[in-house]
Structures are given as C-alpha cells and as structure tokens.
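A structural walkthrough
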Amino acid sequence: MTALTWLNAEAFTVFGQHIIWSDMIGNTIGLAALALGWWRSIWTWPAQFLSGLILVAAYGSAHLSGGVGKQLLIIGVAVWGWRAWQRGRRQAQDGSIAVRFATWRERGLLLGGTAVGTAAVGGVFTLLPQLSWNPWPDAYIFVGTLAAMVAQARGLVEFWFAWLLVDLVGVPLAFSSGLAFSGLVYVVYLALVAWGMRDWWLRSRASGRPALEGAVA
C-alpha cells in the first residue's frame, strides 16, 4: 500500500459519515496552524505547509480542483508568509509579528481581487466541469483562501474576517463533498476565528496607541 492510498483510506465511520485519514490528519494540523497564527507564532507557517501537503490528497479524492488548488496556494503562501514574518516580527517589542488594520486601499484591493479572481476561476470550472462538480463555491473558497493568507502574511486584522467568510461557504461544501471531518473542522474554525479576531483587534489598538500618544504630545 502506497502512502497516498493509505491517506485516502477510511479511518472510521461516525453517524454514517466516512472519515478518511488525509482529511482528518490534514485538518487537525490545520487547526494547530490557526491556533499558532492567533498566538502570532511564526511556526504557523510550517504547520500550514504540512497541512496543505496532506489535504491535497483529501481534496483530490473528492474531485474538487478548487480545493486542491487552495491547498497548493497554502503551501506556496506558507513559504512566503514564513519569510514575511521573519522580517515583520522585528517590528514588535515582544518579538512576535506586529499586527494592524488594513488601509482602505488595501481593503479595496483584497475585495476587488477576490471578486475578480472568483469570477475568473469559477468561469474556468464551469467551462471545464471535470475540474469541479460545484464550481462557484469551489472557486470562492480557492480565491478567498488566497486573499486571507495574503492578509495574514501582511499582519492585517482583516485576515480573520476573510477566513470567516471562507468558512461560511466551506462548511456546507465540505459536508456535501463527503469530507465530513473538514466540515466539522470548519465549524471549530469559526470559534477560533472569532477568538483570534478579537485578540488581533485588541493588539492592533494597543500597538498603535503609543505612536498616537507621541504624536499628540
């Protein structure tokens, strides 16, 4: 038995839902990566890299090219994010990554890029139905994940809002695609995203206060 065959084999069944090893292991590591991101630990990126590598097998087995593409993006952005945070953490007094809110220009670029990207990828998936059985949600998750990870790598609080919007579509798509563990993990993500969003929000206000006070003085 090859490693890929084992990863896509059934681990167990719960309430009629078949859980495969790649779905379970990849998403468990992904949860750890999200928690590390909340703590602003640079180790979030190696964890995301490993999670993406394993989940390529899971989404490939479900015939969701957008999901596979999403994981390949996560792998690529994880390398970039590691390097960006290596530089960015020097800006924070405690040695972790400095976080801030995006400018209006950055928000516009993220929203516009997500809309255009979803339209483009969704169009390709529609023209080539063999790539995805559910093209538009699949395309939205693919592009939305890229936008979220770009925002995370730049230390933007909006990163959490982007993940929240991706999760709202990801939960029903995962369950309907036979990736039950992914669906359950997306639900857990919602709670972690809300918690992480609050933490980064407060830290961005705290880190910006001294500069504002200095300017007033």
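Residues numbered from 1 in each chain as written. Predicted model: local features only at pLDDT ≥ 70, side-chain atom pairs only at ≥ 80, totals over all residues. Heavy atoms only, no water.

1. Digging into the packing of helix α5 (residues 104-127) against helix α6 (residues 135-153)
Just so we agree on the cut-off: Axis angles are defined between N-to-C directions and span 0 to 180 degrees, where every axis is a line fitted to C-alpha atoms and, for a helix, only to the segment in contact. Only DSSP runs of H or I with at least four residues qualify as helices, and only runs of E with at least two residues qualify as strands; both kinds are numbered from the N terminus onward. Should the near helix be turned anticlockwise from the far one by less than a right angle, the crossing is left-handed, and should it be turned clockwise, the crossing is right-handed. What makes two residues a contact is simply this: any of their non-hydrogen atoms within 4.5 Å. Ten residue types, Ala, Val, Leu, Ile, Met, Phe, Trp, Tyr, Cys and Pro, are classed as nonpolar, four, Asp, Glu, Lys and Arg, as charged, and the remainder, Gly among them, as polar.
One way to put it is that α5 packs onto α6 with a least axis distance of 8 Å and a crossing angle of 145 degrees. At the point where α5 passes α6, the crossing takes the right-handed sense. Between α5, through Leu 110, Gly 113, Thr 114, Gly 117, Thr 118, Ala 119, Val 121, Gly 122, Gly 123, Phe 125 and Thr 126, and α6, the contact on the second element is made entirely by Pro 135, Trp 136, Asp 138, Ala 139, Tyr 140, Phe 142, Val 143, Gly 144, Ala 147 and Ala 151. Split by residue class, the contact of α5 with α6 holds 12 nonpolar, eight polar and one charged.

2. Structural notes on the side chain of Gln 71
Checked against the element boundaries, Gln 71 lands in helix α4 (residues 65-88). Sequence-distant contacts of Gln 71, defined by excluding residues within four places in its chain, comprise Ser 51, Gly 52, Leu 55, Val 56 and Tyr 59.

3. Looking at the packing of helix α2 (residues 21-38) against helix α3 (residues 44-61)
The following threshold applies: Between 65 and 115 degrees an angle is taken as roughly perpendicular, under 35 as roughly parallel, over 145 as roughly antiparallel, and anywhere else as oblique.
Where α2 meets α3, the closest approach of the two axes is 8 Å, and the angle between their N-to-C directions is 160 degrees. What the angle tells us is that α2 and α3 run roughly antiparallel. Handedness of the α2/α3 crossing: left-handed. Contacts from Ser 22, Asp 23, Ile 25, Gly 26, Asn 27, Ile 29, Gly 30, Ala 33, Leu 36 and Gly 37 of α2 reach α3 at Thr 44, Ala 47, Gln 48, Leu 50, Ser 51, Ile 54, Leu 55, Ala 57 and Ala 58. The residue makeup of the contact of α2 with α3, split by class, is 10 nonpolar, eight polar and one charged.

4. Details of α3
Condition: A helix's residues, less one, multiplied by 1.5 Å, set its expected span. The reported bend at a residue is simply the angle between two axes, fitted to the 7 residues ending at it and to the 7 residues beginning with it. With a 1.4 Å probe rolled over the protein chains alone, any residue whose accessible area is under 20% of its type maximum counts as buried; one over 50% counts as exposed, and the rest are partly exposed.
Taking 1.5 Å per residue, 18 residues should reach 26 Å; α3 reaches 26 Å between its end C-alpha atoms and fits that length. Maximum bend of α3: about 30 degrees, positioned at Leu 55. Among the residues making up α3, those that are buried are Thr 44, Trp 45, Ala 47, Gln 48, Ser 51, Gly 52, Ile 54, Leu 55, Ala 57, Ala 58 and Tyr 59. Looking at the residues trailing α3, positive phi occurs at His 63, about 60 degrees.

5. Observations regarding the packing of aromatic side chains
Defined as follows: The pairing test for Phe, Tyr and Trp rings, Trp by its six-membered ring, is centres within 6.5 Å, and the orientation test on the planes gives stacked under 30 degrees, edge-to-face over 60, and tilted for anything in between. Counting as a charge over the ring demands two things of the Lys NZ or Arg CZ atom: a distance within 6 Å of the ring centre and an angle within 35 degrees of the ring normal.
One pass over the structure, following the stated rule, counts five aromatic pairs. Both rings, one in Trp 45 and one in Trp 85, keep their centres 5.5 Å apart while their planes meet at 90 degrees; by these two values the pair is edge-to-face. Of the two residues, Trp 45 is situated in helix α3 and Trp 85 in helix α4; the sequence distance between them amounts to 40 residues. Residue Trp 45 shares its accessibility class with Trp 85, and that shared class is buried. Centroid distance Phe 159 to Trp 160: 4.5 Å. Interplanar angle 50 degrees. Geometry classified as tilted. Comparing Phe 159 with Trp 160 shows no difference in burial state: the two are buried. Clustering of aromatic rings is evident, with ring pairs tying together Phe 101, Phe 161 and Trp 201. Over the ring of Trp 104 we find Arg 107, and its NZ or CZ is 4.5 Å from the ring centre.

6. Topic: the nonpolar core
Selection criterion: Throughout this description, the term nonpolar core refers to a set of buried Ala, Val, Leu, Ile, Met, Phe, Trp, Tyr and Cys residues connected via side-chain atoms within 4.5 Å.
Counting residues in hydrophobic clusters, the biggest one holds 45 residues, and the most contacted among them are Trp 45, Phe 159 and Trp 160. It is helix α8 (residues 180-216) that provides the largest number of residues to this core, a total of nine residues. Residues in contact with Trp 45, not counting those within four places in the same chain, are Val 77, Ala 78, Gly 81, Trp 82, Trp 85, Met 149, Gln 152 and Ala 153. Counting residues in each nonpolar core, the second largest holds five residues, with Val 121, Phe 125, Ala 139 and Phe 142 among its members.

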